Amino acid sequence: MFQLHRRILAWTLPWILLFGTAGIARAEVGITDSEILIGQSLGLTGPLAELTQDIGNGARAYVSAINAKGGIHGRRLRLITMDDGYQVPNTVKNVEQMIERDKVFALLNVTGTPNCEAILPAVQKSQVPFFAPFTGAVSTRKPMIENVFNVRASYRDETEKLVQHLHTIGIQKIAVVYQASSFGKDGLAGVEAAMAQRGIKAHGTASIESNASDVAKSVDALAGGKPEAIIMITAGRPTVEFIKSYRKVSRGVQFYSLSVMGTNANLKALGSDGVGVVVASVVPFPWNQSIALVGDYQAAMQKIGITEYSFVSLEGYINARILGEAIERAGRDLTRSGLVKAAEGMTQVGLGGFNVRFGRESRQASKHVELTIIGRNGKFIK
């Protein structure tokens, strides 16, 4: 009898170890046979509402398109989106809830420099893959974090492009207005570094609150110096309010903005005051249908009932598509560690007009930056 019990134990022990005492196989967090759960926290209300709604629409368009094709390896993507109002404590609370209660497999598109910085400890502790933090800050890039994959070019890449352009065309008096946050300070540091490489200094600097409550003070701080150009390290309301307020004082200055300016809501809010504003972009031109990626994006947006395109919604689409590509490469037996390994293997991937380059020592997909301008018709032109 003892020998029989020992044989039974020898046969059952491996299965207990594999399936657990409840007799159920231990699945990876956020994955079922039919679904992969992805979480994103966006400021759908608050000062960046228009920006984050565009991000969300782009991601939703991709998810809808891939699910219509049967998903990835037979699993549909399910996107949980929570509003944080661009408030850091809310972002932290949302992400902790998505990790601990909702059990998401991965995070996507969390928006804002201070917001992303605040959740990094939870991301590292849980080892949840975090794709496409919607920030160009150094803090999500250096030192490299194994499970954090940045897609967009950094703010340092954007400010380098802006300063290079201004220096090339001979503009000398370059002022900077920056948001009073880690986002603004990171961008200001990028401008100053790019200027230092060329032996020049900012003609003047001024900070502005995220709610633009001190816009008059910011305008006064720069207008007296009569700069030829102003680089704006701002997002949402501060961008619009500063330009409109400054135009009332002087119409001779040229404004240069980071890519976060690239929403249709900003164009509408600026009206005629937006004409001539130069905007950096970190994705291809969203209206150029000759680019295969743009064609895919427009078709996906149309399927969810949106025909108004923007740089930001294209970025949201690209971010979700890159995550989808990594999931595809990780295979049917999907795990978080397998996703990280698959993503770092994407060393040379073309998406039909946008190239992705991760690697074992790199978590930065793109350095693509180009400049566009707002035309007299109130639309972006190249």
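Residues numbered from 1 in each chain as written. Predicted model: local features only at pLDDT ≥ 70, side-chain atom pairs only at ≥ 80, totals over all residues. Heavy atoms only, no water.

> Requested: an account of the pattern of salt bridges, with residues and values cited.
On inspection of all chains with the given rule, the structure shows 14 salt bridges. Between R321 and D296 there is a salt bridge, with its nearest N and O atoms 3.0 Å apart. Here the residue R321 occupies a position in helix α11 (residues 311-330), and D296 occupies one in helix α10 (residues 292-303), the gap between them amounting to 25 residues. Counted as one network, the salt bridges with shared partners bring together R152, E158 and E315. (Salt bridge = Lys/Arg side-chain N within 4 Å of Asp/Glu carboxyl O. Helix = DSSP H or I, 4+ residues; strand = E, 2+ residues; numbered from the N terminus.)

> Can you lay out unusual backbone geometry for me, pointing to particular residues and giving the numbers?
With an omega of -5 degrees, the peptide bond between K142 and P143 qualifies as cis. Tracing the chain through its elements places P143 in the loop between β4 (130-131) and β5 (148-149). In this model, N109 sits at a positive phi of 65 degrees, which is unusual for a non-glycine residue. Tracing the sequence through the fold places N109 in the loop between β3 (106-108) and α4 (113-126). Of the residues examined, N109 reaches a relative accessible area of 0% and is grouped as buried. For Q127, which is not glycine, the phi dihedral falls at a positive 60 degrees. Relative to the helices and strands, Q127 is located in the loop between α4 and β4. (Buried < 20%, exposed > 50% of the residue type's maximum accessible area, 1.4 Å probe, protein only.)

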